[in-house]
Amino acid sequence: VQLSPDTRIDNWDGSSGYHYSDDTIFGFSHTHRSGTGIPDGCDILLRPSVGIRRDKFSKFSHENEIAEPGFYSVLLDDGVKAELTATQRVGLHRYAFPKGSDAVIRLDLVWRDKLLGASYKLVGDKRIEGYRRSSSWAKDQTVYFVAEFSKPIFLRAKEVLGASSKNEDRVDAGAVLGFNLDSSSQVIVKVAISHVSIEGARKNLAAELPGWDFDKVRADARSAWNKELSKIEVSGGTDAQTTNFYTALYHTMIQPNVFNDVDGNYRGMDGKVHQLPGYALQKPAREQGRDIQGARYALPNGRASAPEQYTVFSLWDTFRAAHPLYTIIDQKRTVDFINTFIRQYEQGGRLPVWELWGNETDCMIGYHAVSVIADAMAKGLPGFDYEKAYAAAKHSAELDHFGLAGYKKRGYISMEDENESVSRTLEYAYDDWCIAQMADVLLTKAFDDAFVKTKKLETYRMYSRDDLQRDRNHYLKRARYFENLFDTRTGFFRPKKNGGFVDPFAPNEVTFGFTEGNSWQYSFFVPHDVSRLKELMGGREKFVAKLDELFTTDQKLAGREQADLTGLIGQYAHGNEPSHHIAYLYNYAHQPWKTQKYVRQIMDNFYKPTPDGLIGNEDCGQMSAWYILSASGFYPVAPGDGVYAFGTPLFPEMTYRLENGKTFTVKAKNVSSANKYILNAKLNGAPYKKAFITHEDLMRGGVLEFAMIDQPVTTAFTEFPISSSGVTSVAVPVIEGKRTFTDKTTVTLSTTQNAEIMYTVVSLIRESPSQTKKYSGPFTISENSKVEAYAKDPKTGALSFTTEANFIKQPNDWTVKIISPYSTQYTGGGDNAIVDGIRGTTNFASGEWQGVQGKTYEAVVDLQRETEIEELGASFLQVAGPWIWMPANIRFEISNNGTDWSQVADIKTDVPQTEMTPTIKEFRQAVTPTKARYIRLRAYNFGKIPSWHPGAGGDPWIFIDEVLIP
């Protein structure tokens, strides 16, 4: 349970329920998320008020508000004082009403997410039991609840949303509850929740909160938070720095969430109820139909703490710093997280991507659960089945969805395969390196009986040494696939289509080739093989120059709007996760003082003890975990290798209190805002010349000492972190040429290294290939053809993937004049895209579609000569999620001189705006046979995006791929 005030219904800023700019509170609900960009949660809302009010909110002032870990209080403008605290599964409310007032509490089961079902009933005169089933980001979420009141209830009004169809649940929207006040004027409410059943909520209430002592529960919550927050102790910083630090540490601990009831029951990814191993009641659970107050559950084999099932895994964000932080301060929870992943794989068919309340949202990209697992295995954390986790990781890598089929087929994801193709390729490559690291751990440790015995690992030898070695080599090769999208001419990773790089290209442009970013940010996402990235960029000095340019460029963001891209230093964007490791890359190029400069700048400028103190989304603790680790003076660039690259420490002293009973202390002599550079370092009193530290060093305990100075020091370290996959590879050739042509086209082949290129031209008309040749220079094609090419290392004989490109002779000599300019992101290949005969797919970002936003699409086709016209039409795409809809109507006009026009067709479209399934449709209309040279097409936008859509009020897109002129 996460009991909190709700001030906003939905939208980006209201995703977590509360926004500091608001002055109204709608009530207090029991489930929330921390700083993610899609609304969900805010279940089981209670709204206290004086009397029954028509408005469903209360005014308040921040001056009358108190927020602490484990406690919240606010005085509402109508005189009601609300105080909140909680146990793990029970929210506790204390409402003080003005004396003599009409005390009302509204139970709202409709609040926020789309309601699929809800119901409640009164049990006696002080208890309400029920559930709420809803759909939002989590498509099917049910929260069961038991609410117990300190005073008898009398029902003032019952809200029913209406009788439901036989396939739906009956929906009780909620109730208005009245209370007779005594001299205390207080009503206390205990609300236990469960994702399993009402019986589970009853057990949670009985076990965790049998009494009514609000102040004791608050004190216990404060004590529990103090225990967690004392895992790291800082001293000597400014008040602002200390507040920032512990706020950040708090943020890293409010998700993931415990998902099981006190009896070990939880709802699995298959929708069924499961039980964690080993839970058993110490005494009978029921007495006269009610749970025994204070019932407790025995733990298996004398364990000191229970295994837990967890939920809310924002893995695309948190694999970078939050989960590595947990391997230091929360090892037991890390093991629970991984065992949760394994159960989710067993019950749901794959490892989680972005799991929310037992639902897979498939939000974001990659399969980063493998990063969390690989990092834990590399660090030797015991308590989970290494081989079972490894099997689950391999399963994720061998699926064929989200571009993986193309990734495995060609060594990269092309725009034809999936949108965000560059980001997906790079992140899959990192994940594959993680799987190779897992295989390496199994090879070196799982066959070590002493290690297995010491760590109490469950290892059944599912894999032989040969299997593991084969797998390791396989995934290391896949970890190099990133180089297949690197353009040596520009020095950037770029999207590819039809075997070649997509033009036009600008590295600062935010396009659908990237995930919440652009090429500037993603061109440095090769954390597992910085050595190869340096080679691709031309060596260490050019790599440093590129990093320098990233931080100093005056280029501005361009392309589509992306709310996540904030906290800019040049094109470095600290407000979003893909940039988080980049400042630390200077260490890998032997210039750590530049890491120190930028890390301190980020800590000072982008973290403030104010309501808007974070420069970007918290994203379930990742933004804050970056700060915690960076303030410590180190950061995990490549989770999975057990190495932390040095940055710059923030506090004179910081101590990690480890679960193994040891402490690790970081001291920074003379540190200040000016003294951000490291003069020298010592580890346990001995000079330390490495610009990094290992996880093993941390776990041994000890003292890391830095001497700080106000000038960059080039001699502080002599050994630097190395990131390398340790394999060689041959990048696929790049095939360039005009995809459609009228007479002939010139084709050019190139590669990123000194390799021979072999190619074959296959006629798509005669279906007969030419002989495979060694490429020596550009060649021409004059008919429909496919070019296939691969690269060969002349020294080793190693071969690249075969890549291919189709070149199509345009079926006509028509030309197009575009009246309404299309987006540079959605060109379709240029002005003639709507007459080139190339058709698009439902992948709107594949490159075949021409797109305009918020206006009429208008173009004139010149047929070059008078032509008999009997039918006209056009093909459009609707993908309503990303704002693409069919036009409202399509109008055709004809002319023989390009000046005088007559309308011949007006087609009304018939695809409902509410249709969310990606749909391609051709709209045609017969016309009175006539001759014309020019055809003018106008496709009219329907206006603003409707209110039911998440993009309500925005401008819709029109996507067209072809004008149909038989």
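Residues numbered from 1 in each chain as written. Predicted model: local features only at pLDDT ≥ 70, side-chain atom pairs only at ≥ 80, totals over all residues. Heavy atoms only, no water.

## Digging into the overall build of the protein
Scanning the protein from terminus to terminus reveals 18 helices and 58 strands. Relative to the compact-globule value of 30 Å for 966 residues, the protein shows a C-alpha radius of gyration of 31 Å, a close match. Summarising its shape, the C-alpha atoms of the protein cover approximately 95 × 75 × 55 Å along the three principal directions. Taking all 966 residues of the protein together, the buried fraction comes to 59%. The long-range fraction of contacts in the protein, counting pairs at least 24 apart against all pairs at least 6 apart in sequence, stands at 69%. The distance from the centre of the 110 positive side-chain charges to the centre of the 119 negative ones in the protein is 3 Å. (Helix = DSSP H or I, 4+ residues; strand = E, 2+ residues; numbered from the N terminus. Rg over C-alpha atoms; globule rule 2.2 N^0.38 Å. Buried < 20%, exposed > 50% of the residue type's maximum accessible area, 1.4 Å probe, protein only. Contact = heavy atoms within 4.5 Å. Lys, Arg positive; Asp, Glu negative; His and termini not counted. Charge placed at Lys NZ, Arg CZ, Asp CG, Glu CD.)

## Section: the nonpolar core
Judged by nonpolar contacts, the single largest core of 157 residues is most densely connected at Ile232, Phe245, Ile328, Phe634, Tyr656 and Ile693. By residue number, the principal contributor to this core is helix H10 (residues 421-446), which donates 15 residues. Residues within four places of Ile693 in sequence aside, it is in contact with Phe634, Gly642, Val643, Tyr644, Phe646, Phe664, Leu683, Tyr688, Leu698 and Leu704. By size, the runner-up hydrophobic cluster in this structure holds 35 residues, among which are Ile25, Ile44, Leu107 and Phe179. (Core = buried A, V, L, I, M, F, W, Y, C linked by side-chain atoms within 4.5 Å.)

## Considering the side chain of Arg410
Inspection of the secondary structure assignment puts Arg410 in helix H9 (residues 404-410). One polar contact links Arg410 to Asp417, side chain to side chain, over a distance of 2.8 Å. Contact partners of Arg410, with chain neighbours within four places excluded, come to Asp417, Asn484, Val732 and Phe801. (Polar contact = N/O pair within 3.5 Å; in protein donor to acceptor, adjacent residues only side chain to side chain.)

## What to know about unusual backbone geometry
The omega torsion across Gln255 and Pro256 is 0 degrees, close enough to zero to call that bond cis. Along the polypeptide, Pro256 turns up in the loop between helix H3 (239-251) and strand S17 (257-258). Of note, the amide linkage connecting Asp503 to Pro504 takes the cis form, showing an omega dihedral of 0 degrees. Residue position: Pro504 is located in the loop between strand S31 (500-501) and strand S32 (509-510). Even without glycine at this site, Glu516 takes up a positive phi of about 50 degrees.

## A closer look at the side chain of Gln521
With respect to the helices and strands, the residue Gln521 is situated in helix H13 (residues 519-522). We classify Gln521 as buried; its relative accessible area is 2%. There is a polar contact of 3.1 Å between the side chain of Gln521 and the backbone nitrogen of Asn518. When neighbours within four sequence positions are excluded, Gln521 is seen to be in contact with Leu557, Leu565, Gln571, Ala573, Pro578, Ser579 and Ile582.

## Observations regarding the environment of Ile735
Considering the arrangement of structural elements, one finds Ile735 in strand S44 (residues 734-736). With relative accessibility at 2%, the residue Ile735 sits in the buried group. With 15 residues separating them along the chain, Ile735 and Ser750 place their C-alpha atoms 6.9 Å apart. The contact partners of Ile735, leaving out residues within four places of it in the chain, are Asn498, Gly499, Gly500, Val747, Thr748, Leu749, Val787, Ala789, Thr803, Glu804, Ala805 and Phe807.

## What about the sheet that holds strand S43 (residues 702-709)?
Strands belonging to one sheet form pairs held by backbone hydrogen bonds; the direction of such a pair is parallel or antiparallel. One open sheet accounts for 6 strands, arranged S16-S38-S39-S43-S40-S41; its pairing is mixed. The open sheet has two free edges, formed respectively by strand S16 (232-235) and strand S41 (686-687), since each of these has just one partner strand. With respect to the sheet, helix H17 (residues 622-632) is in contact with S16, strand S38 (653-657) and strand S39 (663-669), its orientation differing from that of S38 by roughly 115 degrees. (Pairing = 2+ DSSP bridges. Axes fitted to C-alpha atoms, helices over the stretch in contact; angles between N-to-C directions.)

## Comments concerning the pattern of salt bridges
What the rule picks out here adds up to 70 salt bridges. Here Arg424 and Glu420 are joined by a salt bridge, their closest N and O atoms 4.0 Å apart. Accessibility classification places Arg424 together with Glu420 in one group, the buried group. Of the charged contacts, one joins Asp487 and Arg489 as a salt bridge, the two residues approaching to 3.3 Å between their closest N and O atoms. The exposure class assigned to Asp487 is buried, which follows from its relative accessible area of 2%. (Salt bridge = Lys/Arg side-chain N within 4 Å of Asp/Glu carboxyl O.)

## Regarding the packing of helix H5 (residues 322-329) against helix H6 (residues 331-348)
Direction vectors running N to C along H5 and H6 enclose 130 degrees, while the axes themselves pass 6 Å from each other. Taken together, the axes of H5 and H6 are oblique relative to one another. Touching His323, Tyr326, Thr327, Ile328 and Ile329 of H5 are Gln331, Thr334 and Phe337, all from H6. Of the residues contributing to the contact of H5 with H6, the split by class is 4 nonpolar, 4 polar and no charged. (Parallel < 35°, antiparallel > 145°, perpendicular 65-115°, else oblique. Nonpolar A, V, L, I, M, F, W, Y, C, P; charged D, E, K, R; others polar.)

## What to know about H3
Its 13 residues give H3 an end-to-end C-alpha distance of 18 Å, which sits within 8% of 18 Å, the value for a rise of 1.5 Å per residue. Inspection of H3 places Gln241, Asn244, Phe245, Ala248 and Leu249 among the buried residues, and these make up the whole buried set. Around the axis of H3, the buried residues are gathered within 125 degrees of arc, so they sit on the same side. In this structure, the buried side of H3 is in contact with helix H2 (214-229), S16, H5, helix H16 (592-606), H17 and S38. (Expected span 1.5 Å × (residues − 1). Arc of directions from axis to C-beta.)

## Some remarks on the environment of Arg891
Secondary-structure assignment places Arg891 in strand S55 (residues 889-895). Sequence separation of Arg891 and Asp239 is 652 residues, and the distance between their C-alpha atoms is 66 Å. Contacts of Arg891, omitting those with residues within four sequence positions, involve Gln903, Ala905, Asp906, Arg936, Leu937, Arg938 and Tyr940. Within the local environment of Arg891, its side chain forms a polar contact with the side chain of Gln903, the two groups lying 3.4 Å apart. A polar side-chain atom of Arg891 sits 3.3 Å from a polar atom in the side chain of Asp906.

## Notes on the packing of aromatic side chains
Considering all chains together, one arrives at 56 aromatic pairs under this definition. When the ring of Phe524 is compared with that of Phe543, the centres are 6.1 Å apart and the planes differ by 65 degrees; the resulting orientation is edge-to-face. One end of the pair, Phe524, is in the loop between H13 and helix H14 (530-536); the other, Phe543, is in helix H15 (residues 540-552), and 19 residues separate them in sequence. As far as burial versus exposure is concerned, Phe524 and Phe543 are alike and both buried. Put simply, the rings of Phe319, Tyr430, Trp433, Phe514, Tyr522 and Phe525 touch in pairs and so form one group of aromatic residues. (Phe/Tyr/Trp six-rings, centres within 6.5 Å; stacked < 30°, edge-to-face > 60°.)

## Regarding the sheet that holds strand S42 (residues 692-694)
Spatially, the 3 strands line up as an open sheet ordered S36-S37-S42, and their pairing is antiparallel. Only two strands of the sheet have a single neighbouring strand rather than two, namely strand S36 (634-635) and S42. Note: S36 against strand S37 (residues 643-646), 2 bridges, orientation antiparallel. Note that in S37 the partner of Tyr635 across the bridge is Ala645.

## Digging into the confidence of the model for the protein
Looking at the protein, the pLDDT average stands at 93 and 96% of residues meet or exceed 70. Counting contacts from residues 163-168, a segment whose pLDDT is below 50, to residues more than four positions away or on other chains yields 3 contacts. Confidence drops under a pLDDT of 50 for residues 282-304, and excluding neighbours within four residues, the segment shows 48 contacts in the predicted structure. (pLDDT = per-residue confidence, 0-100.)

## Quick notes on the pairing of strand S54 (residues 857-878)
Two faces, one strand: in a regular strand the side chains alternate between the faces of the sheet. Strand direction decides the pairing type here: strand S52 (residues 815-818) and S54, joined by 4 bridges, are antiparallel. In the strand pairing of S54, Lys817 is matched with Val860. Across 17 bridges, S54 lies against strand S57 (residues 919-940) in antiparallel orientation. By the bridge assignment for S57, Ala859 is matched with Leu937.

## A short note on the pairing of S43
Pairing between S39 and S43: 6 bridges, direction parallel. The partner of Ala668 across the bridge, within S43, is Phe706. As defined by bridge partners, strand S40 (residues 677-683) adjoins S43 across 6 bridges and the pair is classed as antiparallel. Following the sheet pairing, Lys682 is matched in S43 by Glu705.

## Notes on the environment of Thr745
Position of Thr745 relative to the elements: it lies in strand S46 (residues 745-750). A sequence separation of 63 residues divides Thr745 from Ile808, and the C-alpha atoms of the two residues are 9.4 Å apart.

## Description of the state of the cysteines
The full count for this structure, using the stated rule, is 0 disulfides. Among the cysteines around Cys620, which has no disulfide bond, Cys363 carries the closest sulfur, lying 11 Å off. (Disulfide = S-S within 2.5 Å.)

## A word on the packing of H3 against H17
Following both chains from N to C, one finds H3 and H17 inclined at 125 degrees, their axes separated by 8 Å at the closest point. It follows from the interaxial angle that H3 and H17 lie oblique. Judged by the sense of rotation from one axis to the other, the crossing of H3 with H17 is left-handed. For the pair H3 and H17, contact is made by Gln241, Asn244, Phe245, Ala248, Leu249 and His251 and by Ser624, Tyr627, Ile628 and Ala631, respectively. Here the contact of H3 with H17 is built from residues that sort into 6 nonpolar, 4 polar and no charged. (Left-handed = near helix turned anticlockwise from the far one by under 90°.)

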